[in-house]
Amino acid sequence: MNFKRKIISYILIWSVVFGSLLSYSPVTHVLSATGVPEIILELPVENSMFDVSKVEFTGKLSDDLTSPNKLLLKVFEYTGVSEQPIDITSEGLLTLTPKDQYAEFSYSKDFSQGDHKLSFIVTDEDGFSSISEKTITVQLSGITENIDNLVTPVIGKLSVTQSPSGVNGNQTTSIVNTEATISDVTNDSKRPFLAKMYLIPRDTESNYNPEGEVPSTYLPAEDMTRVPLNYIVLFDIRSSVEFNPTQPLISYFGDNKGKEKLIKTVDLSGGMKSYLYTYTPDNELNPAQSYSVYLNPNELIPRFLTFTTVSNNYENYQFEGDKGSTVREHDYIHGPFSVVTNACDFCHSAHNGNNEYLEGDPNSKYGDELCMACHDGTNGSPSIDSNYANNKHHNDTGASCATCHDPHNPGTKDNPNNLKKATYNGSTQVLSYKKSSDATGSVNDFSQCLSCHNGTKASNIEQYYKDTTLKSQSGHNIVATMDSGSSLNGQIPCAECHETHGSSNLKMLRKDLGNIKITDDKQKFKSSGTEWNALNEREFCLKCHNNSTQIYGKTSPIDLTISGHQTDETQGCSSCHGGESKSFMDAAHAPKKLTTP
């Protein structure tokens, strides 16, 4: 070994030692100090086992003083034949995607059978380094991988290609032309996607037929309530190519831990296959708790769904599986109304009621306060979002919980949240608040919101879902890709941007935008001040329009070469995309598509 090589080896070894001293979790996290880079290795989890050779690692890099696109990442493996780790960066596919304050990275490589210990070392411009290590096991089962299923970087992102030469090698940064390639991303019919997700009794997964009738005991996951605590999750994944995931299908399920299992594959028409997986929690689900399930974007088109479990007091009043969409005699949302239980007295007082409905008594509140007396998590009832104090409907209008919900309606599988009936669009119907799983784009999909937001009781949002001119020029008028698992062909649902029961942001806007669980608070949307302005508008729109966020199988584009799109601009998006009014309301609900900059 010549002198120069020795020097490089010593630098590498001391970088590993120095990074190890800084880390407070040797697996996933590095202690962040001023001027020292930070690396978070998110997936896969430590000691994961794979039955395929190709494994993908994902994580984030950041540094207080060095911009994300100037951080250098190298990958090393301890081979056991040498005390020094071997540089394997160039043996796999390494992709870095710089954001405003951090960079996302992915590294995929074919590994031989056995245990593999890897070190990911990030170095900043000043030569300071940090390390994160991960051990995996490859136990091949004879399955042949399909070359079409190899992990590739998403087109339309800012990609960084790194020089393999030396720890301080140069980096070349290039911006892919989104306009030329976005159709390639959004119409790729070979991407695996979630077709159906059900909450099912244990040991009933063999009863499911992807092309047959759904068993009556199965519950659709999206916004379902009163889910039994011993239920498990069934995923129906569809793909036109062989689906061999190298990472878990679920990237987030709250604090819940469990096991995924491939049950069977079913050949469908048109060359499509159904891959049926179950997720079985290690322990029963908690009562009266809302769970958000996020799919792993490295394996599937990003999606998330939310459901709520049954309260402790009402285990015997769940949905009866064989009643379908009919009203059920024994499924009362607020308990069995009988002369024995006196359940009516929870809300009404025959002699001391405050109003014409005999709600409350002279010493208590009524209306929303009456509902929140239980729905703050006490009395075993499901807790409404903790931001309810910031609910604009509650604070600034005459609306109440009962404006949307019927407290006396037993509910159905199709209407698990007891939305009330009303006359809308010329017909009497159960008002609807559909989301990505079942929205088609019809104005009736969002009748819960638009029955008020039609210019009579509140701002006229309905016009953006009815007016053909506004719809035709709207950038939010989306035809979901065939492989997205959605039937949307129209304006995006209200829930893509707004929190139903309140938000700490202005205008009840969501903090977590898109379909990927955001763990870094810096990447969440947070409005500033008490008035909506150009700064808030830009921050909000760019949380999705960043060439990486996907909804309905499509990537939200932004051409960074157009004046006004640069990060240092200050003008509001509505100045160009707000139509003739140049208002935020127009820009948000029907952003005008421009044919020329």
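In what follows, the structure referred to is the one given above.
Residues numbered from 1 in each chain as written. Predicted model: local features only at pLDDT ≥ 70, side-chain atom pairs only at ≥ 80, totals over all residues. Heavy atoms only, no water.

Undergrad: Describe the overall build of the chain, naming the residues involved and giving the relevant values.
TA: For the chain, the count of helices and strands is 11 helices and 25 strands. Relative to all contacts within the chain whose residues are 6 or more apart in sequence, the contacts with residues 24 or more apart total 61%. Carbon together with sulfur atoms contributes 51% to the accessible area of the chain, which is approximately 29,900 Å² in total. (Helix = DSSP H or I, 4+ residues; strand = E, 2+ residues; numbered from the N terminus. Contact = heavy atoms within 4.5 Å. Areas by Shrake-Rupley, 256 points an atom, 1.4 Å probe, with all protein chains shown as cover.)

Undergrad: Explain the sheet that holds strand β16 (residues 258-267) residue by residue, including any values.
TA: Strand order in this open sheet of five strands is β13-β12-β14-β17-β16, and the pairing throughout is antiparallel. In this open sheet, the two strands that pair with only one neighbour each are β13 (219-220) and β16. Taken together, the two bridges between strand β12 (residues 193-200) and β13 define a ladder with antiparallel strand orientation. Within β13, the residue paired with tyrosine 198 across the bridge is proline 220. (Pairing = 2+ DSSP bridges.)

Undergrad: Describe the environment of leucine 43, listing the residues and the values that go with them.
TA: Relative to the elements of secondary structure, leucine 43 occurs in strand β1 (residues 38-43). When the C-alpha positions of leucine 43 and serine 106 are compared, they lie 9.4 Å apart, and in sequence the two are 63 residues distant. In this structure leucine 43 touches Glu56, Phe57, Thr58, Gln247, Asn296 and Asn298, once residues within four positions along its chain are discounted.

Undergrad: Explain the sheet that holds strand β19 (residues 304-308) to me, and be specific about the residues and the numbers.
TA: As summarised here, the arrangement of the three strands in space is β15-β18-β19, forming an open sheet in which the pairing is antiparallel. Each of the sheet's edge strands pairs with one partner strand only, and the pair in question is β15 (250-252) and β19. Strand-to-strand twist across the sheet, computed as the mean angle between neighbouring axes with direction ignored, equals 35°. Direction of pairing for β15 relative to strand β18 (residues 290-295): antiparallel, over a ladder of two bridges. (Axes fitted to C-alpha atoms, helices over the stretch in contact; angles between N-to-C directions.)

Undergrad: Summarise the pairing of strand β17 (residues 273-281); cite the residues concerned and give the values.
TA: Across the nine residues of β17, seven count as buried, placing the element largely inside the fold. Sheet topology places strand β14 (residues 232-239) next to β17; seven bridges connect them, and they run antiparallel. Paired with phenylalanine 235 across the strands is tyrosine 277, a residue of β17. Between the antiparallel neighbours β16 and β17 lie five residues, among them glycine 270 with a positive phi of about 75°. (Buried < 20%, exposed > 50% of the residue type's maximum accessible area, 1.4 Å probe, protein only.)

Undergrad: Please set out the nonpolar core residue by residue, giving values where relevant.
TA: Ranked by size, the top nonpolar core spans 25 residues in total, and within it Met197, Leu199, Phe235, Ile237, Phe253 and Phe307 carry the most contacts. Broken down by secondary-structure element, the contributors of at least two residues to this core are β12, β14, β17, β18 and β19. When near neighbours in sequence (up to four residues on either side) are disregarded, phenylalanine 235 contacts Leu194, Lys196, Met197, Ile250, Tyr275, Leu276, Tyr277, Tyr279, Val293 and Leu295. One finds Cys449, Tyr465, Ile492 and Cys494 within the second-largest nonpolar core, a separate group that totals 22 residues. (Core = buried A, V, L, I, M, F, W, Y, C linked by side-chain atoms within 4.5 Å.)

Undergrad: I'd like a rundown of the pattern of salt bridges, residues and numbers included.
TA: Applying the stated criterion across every chain, the model contains 15 salt bridges. Ionic pairing is found between glutamate 125 and lysine 70, a salt bridge with its closest N-O pair at 3.8 Å. A residue pair is termed long-range when its members are at least 10 positions apart, and glutamate 125 in the loop between β8 (114-123) and β9 (129-138) and lysine 70 in the loop between β3 (54-62) and β4 (72-78) qualify at 55 residues. The partly exposed category is assigned to lysine 70, whose relative accessible area is 43%. A salt bridge links aspartate 512 to lysine 517; its shortest N-O distance comes to 3.9 Å. By relative accessible area, which is 24% here, lysine 517 ends up partly exposed. Here the salt bridges do not stand alone but share partners, grouping Asp512, Lys517, Asp521 and Lys524 into one network. (Salt bridge = Lys/Arg side-chain N within 4 Å of Asp/Glu carboxyl O.)

Undergrad: Help me get a handle on the packing of aromatic side chains, residues and values and all.
TA: Taken as a whole and judged by the stated rule, the model has 20 aromatic pairs. A ring pair is formed by phenylalanine 525 and phenylalanine 540, whose centres lie 5.2 Å apart and whose planes are at 65°; its orientation type is edge-to-face. Linking phenylalanine 525 in the loop between β23 (489-491) and α9 (534-542) with phenylalanine 540 in helix α9, this pair joins segments that are 15 residues apart in sequence. Since its relative accessible area comes to 8%, phenylalanine 540 is described here as buried. Considering the side-chain rings of tryptophan 532 and phenylalanine 540, the 6.4 Å spacing of their centres and the 75° angle between planes classify their relative orientation as edge-to-face. Above the face of the phenylalanine 111 ring, lysine 109 is positioned so that its terminal group lies 4.5 Å from the ring centre. (Phe/Tyr/Trp six-rings, centres within 6.5 Å; stacked < 30°, edge-to-face > 60°. Lys NZ or Arg CZ within 6 Å of the ring centre and 35° of its normal.)

Undergrad: Can you break down α9 residue by residue, with the values?
TA: Inspection of α9 places Asn536, Glu537, Arg538, Phe540 and Cys541 among the buried residues, and these make up the whole buried set. Those residues of α9 that are buried are in contact with α10 (574-577) and α11 (584-589).

Undergrad: Break down the side chain of threonine 549 for me, with residues and values.
TA: Here threonine 549 is to be found in the loop between α9 and β24 (550-551). Judged by relative accessible area, threonine 549 falls into the buried class, the value being 12%. A polar contact is formed between the side chain of threonine 549 and the backbone oxygen of lysine 543, at a distance of 3.4 Å. Setting aside its immediate chain neighbours within four residues, threonine 549 contacts Gly514, Lys543, Cys544, Lys554, Thr555 and Ser556. (Polar contact = N/O pair within 3.5 Å; in protein donor to acceptor, adjacent residues only side chain to side chain.)

Undergrad: An account of unusual backbone geometry is needed here, citing residue identities and associated values.
TA: In this structure, proline 44 follows leucine 43 across a cis peptide bond, with omega equal to -5°. With respect to the helices and strands, proline 44 occurs in the loop between β1 and β2 (48-50). The phi dihedral of arginine 226 is positive, around 55°, even though this residue is not glycine. With relative accessibility at 9%, the residue arginine 226 sits in the buried group.

Undergrad: Tell me what's going on with the environment of asparagine 298, and back it up with residues and numbers.
TA: Mapped onto the secondary structure, asparagine 298 falls in the loop between β18 and β19. Each C-alpha atom of the pair asparagine 298 and threonine 246 lies 9.0 Å from the other, and the pair is 52 residues apart in sequence. Sequence-distant contacts of asparagine 298, defined by excluding residues within four places in its chain, comprise Leu43, Glu56, Thr58 and Gln247. Of note is the side chain of asparagine 298, whose polar atom sits 3.3 Å from the side chain of glutamine 247.

Just geometry here; none of it tells us what the structure is for.
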